[in-house]
Amino acid sequence: MDEATNEKGQTYVERLRQSGEPVIVFNPFASHETRDLSSTQIQDIIKGILQRYPQAQVVLIGYEDRLAQIEVPAAYAAQVHRFSSPSIMDVVPLVRCADLVITPDTSIVHIAATFEKPTVGLYIHALRPPRNGKEKAKRHYYQQMQLLKDYFFDAPHIDAGQRPRQILINDDLMAPNNPQAVQLFSATATLADLSVAQILNAVDTLIQQHVEQAEVKGR
């Protein structure tokens, strides 16, 4: 990352922190619509955060055209900021300097893990629906192979009609792998079904940890 990009991001966050904290980087979108948060979820998350933490600053990140579509309630407009990022490198210093990150299963999860940044990682349990016959056939094959692996590791849970402990490989390989992260799952094939209350509860947990750590440092 070049010095100008790093300084731009760092200055951006420091300026927001002068107005209040925590500074929360919020990425509502992923590479596929099934892993995007819905407009209602985005608005409810913003509203929930700012009702709980009136001094918080929320930075929405993503492509400019998608950020422009997000409607922010007028009462919270001054504390919600859109940071368009044509390159992922533009976001790195924002994540590094933020107090909290909220994001679906994207590269942002792993950038945050690099800095052990408090993170709410949002995941789906199911794979996206196949788009054609070839994808459908491949999906069926890999699902059968996965089922065999699951039976090998955790047959009792499958026989009991429960989700096996050894689950879709995405859950583990793409997990935050970050001691400061909370990993949440939608039980369906779309993130739009994930409860906003779950997300806000995770935010509360991580912000409380942030406050406690700040108090320790200030002593």
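These numbers were taken from a predicted model, which means no experiment stands behind them.

Rules of the game
- Residues numbered from 1 in each chain as written.
- Predicted model: local features only at pLDDT ≥ 70, side-chain atom pairs only at ≥ 80, totals over all residues.
- Heavy atoms only, no water.
- Helix = DSSP H or I, 4+ residues; strand = E, 2+ residues; numbered from the N terminus.
- Buried < 20%, exposed > 50% of the residue type's maximum accessible area, 1.4 Å probe, protein only.
- Contact = heavy atoms within 4.5 Å.
- Areas by Shrake-Rupley, 256 points an atom, 1.4 Å probe, with all protein chains shown as cover.
- Expected span 1.5 Å × (residues − 1).
- Arc of directions from axis to C-beta.

Brief notes about the overall build of the protein chain
Right, so step 1: When helices and strands are tallied, the protein chain shows 8 helices and 6 strands.
Right, so step 2: Moving toward the C terminus, one meets the helices and strands of the protein chain in the order α-β-α-β-α-β-α-β-α-β-α-α-β-α.
Right, so step 3: The buried share of the protein chain, taken over its 219 residues, is 46%.
Right, so step 4: Of the contacts formed within the protein chain by residues at least 6 apart in sequence, a portion of 62% connects residues at least 24 apart.
Right, so step 5: For the protein chain, the computed accessible surface area is about 12000 Å², with 52% contributed by carbon and sulfur atoms.

A look at helix H1 (residues 3-17)
Residues that lie three or four places apart on an α-helix share one face, since the helix turns once every 3.6 residues.
Right, so step 1: The first and last C-alpha atoms of H1 sit 21 Å apart over 15 residues, in line with the 21 Å expected at 1.5 Å per residue.
Right, so step 2: Buried within H1 we find Thr5, Asn6, Gly9, Tyr12, Val13 and Leu16. Considered in projection along H1, the buried side chains sweep an arc of 135 degrees and stay on one side of the axis. Residues Glu3 and Ala4 are exposed on H1 and point more than 90 degrees away from its buried face.
Right, so step 3: The elements touched by buried residues of H1 are strand E1 (23-26), strand E2 (57-62), strand E3 (80-84) and helix H4 (92-97).

This is a description of form; function is not addressed.
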